[in-house]
Amino acid sequence: MALNVRVTKDRSFSRTVHLAGRLDNETAQALDSEMNVLTDAAVQVVVFDLSNLEYISSAGLRSIFRVQKTMAERSGKVVMVNTQPQVQKVFEIVRATDLGAVFTSLQELDQYLDAMQRKVVDGQ
Amino acid sequence: MEQNFRIANRPNEVPGVLNGVDEFCRSHGFAKETAADLRLVAEEVLTNIVQYAHDTDGAHAVELRLSSSSQSVRMEFRDEGTPFNPLDLPAPDLTAAPEDRAIGGLGVHLVRSLVDGASYSREGLVNVLVLIKHVGSAV
């Protein structure tokens, strides 16, 4: 089982990165090479949909931290949704959960993005 | 029950060992969680060894000796690299900002957090790292 990376554009200011399989030393490069979509400065929120991510190692964590760094530099956000138990455990060991909001359902995430969209629209 | 893996210090040889660890866990009926933890421990240790242990470009053997009892799995990693005790590394700063967290130490921190016992010794020219993990059964 390798890694499958799929990026969807949900809203003008957000991208969702769907990860399936294992994010490890063998596959982290596949995520890194998809992250050039984030050079678009309009992207303010990156959502990692981890519903189908079964495993993560330190190499995978470093890839996610790099995305967090990119987004932090433009005052953007990284959020996680549907983290599975094995991945959640690793996040807790390295305290990655305090780096971004974690949502347990897509509905909860949608509400968050709706609120942010209103803020973006109001701010214009 | 025992199983030994012996590879050259090349990153592309590591996944084969990790799949072997999965297979070992499956055939012994370990819980899925235990299997994932053991794979993670093996990935972190072997990746460190193949990336950093050897100063020269030549091929060097790296070994993983797996053995299990009803209560625990013992993983013994052996390499002929520079003397290095990963258990001596200081814990990474987990309160640092994201941009500072990409630095090393995460893998070793994961290993130490996921095992129940760890010891290091230098046997002649060989680094020997022994890790013990208590296991749960799949049933």
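Rules behind the numbers
- Residues numbered from 1 in each chain as written.
- Chains lettered and ligands numbered in written order.
- Predicted model: local features only at pLDDT ≥ 70, side-chain atom pairs only at ≥ 80, totals over all residues.
- Heavy atoms only, no water.
- Buried < 20%, exposed > 50% of the residue type's maximum accessible area, 1.4 Å probe, protein only.
- Helix = DSSP H or I, 4+ residues; strand = E, 2+ residues; numbered from the N terminus.
- Pairing = 2+ DSSP bridges.
- Axes fitted to C-alpha atoms, helices over the stretch in contact; angles between N-to-C directions.
- Contact = heavy atoms within 4.5 Å.
- Buried area = accessible area lost by both parts, 1.4 Å probe.
- Salt bridge = Lys/Arg side-chain N within 4 Å of Asp/Glu carboxyl O.
- Polar contact = N/O pair within 3.5 Å; in protein donor to acceptor, adjacent residues only side chain to side chain.
- Nonpolar A, V, L, I, M, F, W, Y, C, P; charged D, E, K, R; others polar.
- Expected span 1.5 Å × (residues − 1).
- Core = buried A, V, L, I, M, F, W, Y, C linked by side-chain atoms within 4.5 Å.
- Phe/Tyr/Trp six-rings, centres within 6.5 Å; stacked < 30°, edge-to-face > 60°.
- Lys NZ or Arg CZ within 6 Å of the ring centre and 35° of its normal.
- Right-handed = clockwise from strand over helix to strand, strands pointing away.

Enquirer: Can you explain the pairing of strand β2 (residues 61-68) of chain B? Please cite residues and give values.
Expert: Residues and elements named next belong to chain B. For β2, the buried fraction is high: 6 of the 8 residues fall into the buried class. In the sheet, strand β1 (residues 2-8) pairs with β2 via 7 bridges, with the strands oriented antiparallel. If you follow Phe5 over to β2, its bridge partner there is Leu64. Pairing of β2 with strand β3 (residues 72-79), which is carried by 7 bridges, proceeds in the antiparallel orientation.

Enquirer: Hey, could you go over the sheet that holds β1 of chain B for me, with residue numbers and the actual values?
Expert: Two orientations exist for strands paired in a sheet by backbone hydrogen bonds: parallel and antiparallel. Residue and element names in this part refer to chain B. In space, the 5 strands of this open sheet follow the order β1-β2-β3-β5-β4, with antiparallel pairing throughout. The open sheet has two edge strands, β1 and β4 (117-123), and neither has a second partner. Here the strands of the sheet are splayed against their neighbours by 15 degrees on average, with no regard to which way each runs. Here 8 bridges tie β3 to strand β5 (residues 126-134), and the two strands are oriented antiparallel to one another. Opposite Asp79, over in β5, you have Asn127 as the bridge partner. Along the sheet, helix α2 (residues 32-52) contacts β1, β2, β3 and β5; its crossing angle with β3, the most-contacted strand, is approximately 10 degrees.

Enquirer: Outline the interface of chain B and chain A, supporting the account with residue identities and numerical values.
Expert: Counting residues at the interface gives 25 residues for chain B, matched by 22 residues for chain A. When chain B packs against chain A, the two sides together hide about 2,100 Å² of surface, and 58% of this comes from carbon and sulfur. The tally of links from chain B across to chain A stands at 3 salt bridges. The salt bridge partner of Asp37 of chain B is Lys89 of chain A, with a shortest N-O separation of 2.7 Å. In this structure, the connection of chain B to chain A is made through 11 residue pairs in polar contact (both at pLDDT 80 or more). Counting residues per element, the ones that place at least two in the side of chain B that touches chain A are α1 (14-27), α2, α3 (98-101) and α4 (106-114) of chain B. Considering each element in turn, the side of chain B that touches chain A owes the most residues, 9 residues, to α2 of chain B. Class assignment of the residues belonging to the side of chain B that touches chain A gives a composition of 10 nonpolar, 7 polar and 8 charged.

Enquirer: Give a detailed account of the side chain of Ser67 of chain B, specifying residues and quantitative values.
Expert: By the secondary structure assignment, Ser67 of chain B is in strand β2. Once residues within four sequence positions are removed from consideration, Ser67 of chain B is found in contact with Met1, Glu2, Phe24, Ser72, Val73 and Arg74 of chain B.

Enquirer: Give a description of the sheet that holds strand β4 (residues 77-81) of chain A that names residues and reports values.
Expert: Residue and element names in this part refer to chain A. Overall, mixed pairing links the 5 strands, which are arranged β1-β2-β3-β4-β5 in an open sheet. Among the strands making up the open sheet, the edge pair consists of β1 (3-11) and β5 (102-103). Note: strand β2 (residues 14-23) against strand β3 (residues 45-56), 9 bridges, orientation parallel. Paired with Val17 across the strands is Phe48, a residue of β3. Strands β2, β3 and β4 of the sheet are contacted by helix α2 (residues 58-73), whose axis makes an angle of about 175 degrees with β3.

Enquirer: Please give an account of α2 of chain A that cites residues and values.
Expert: All names here are of chain A. If you check α2, its first and last C-alpha atoms are 22 Å apart, about what 16 residues at 1.5 Å a residue would give, namely 22 Å. Listed as buried for α2 are Ser58, Ala59, Gly60, Leu61, Ser63, Ile64, Phe65, Val67, Gln68 and Met71. A positive phi of about 55 degrees marks Ser75, the residue just after α2.

Enquirer: Requested: an account of the nonpolar core, with residues and values cited.
Expert: If you look at the biggest cluster of nonpolar residues, it comprises 63 residues, and the most contacted ones within it are Leu19, Leu31 and Phe48 of chain A together with Met75 and Phe77 of chain B. Sorting elements by how many residues they give to this core places α2 of chain B first, with 9 residues. With residues up to four places along the chain from it excluded, the contact list for Phe77 of chain B reads Val41, Ala42, Val45, Leu46, Ile49, Glu63, Leu64, Asn127, Val128, Leu129 and Leu131 of chain B. Of all hydrophobic cores here, the second largest spans 9 residues; its members include Val45, Val81, Phe103 and Leu113 of chain A.

Enquirer: Give a detailed account of the packing of aromatic side chains, specifying residues and quantitative values.
Expert: Counted according to the given criterion, the structure contains 2 aromatic pairs over all chains. Centroid distance Phe103 of chain A to Tyr112 of chain A: 5.0 Å. Interplanar angle 50 degrees. Geometry classified as tilted. Lying across the ring of Tyr55 of chain A, Arg39 of chain B places its NZ or CZ 5.6 Å from the centre.

Enquirer: Could you give an account of the pairing of β2 of chain A, with specific residues and numbers?
Expert: Residue and element names in this part refer to chain A. Judged by how many residues are buried, β2 sits mostly within the fold: 9 of 10 residues are covered. In terms of strand pairing, β1 meets β2 through 8 bridges, oriented antiparallel. If you follow Thr8 over to β2, its bridge partner there is Thr16. Here β1 folds back onto β2, and the loop between the two strands holds 2 residues. For the segment spanning β2, helix α1 (residues 28-34) and β3, crossover handedness is right-handed.

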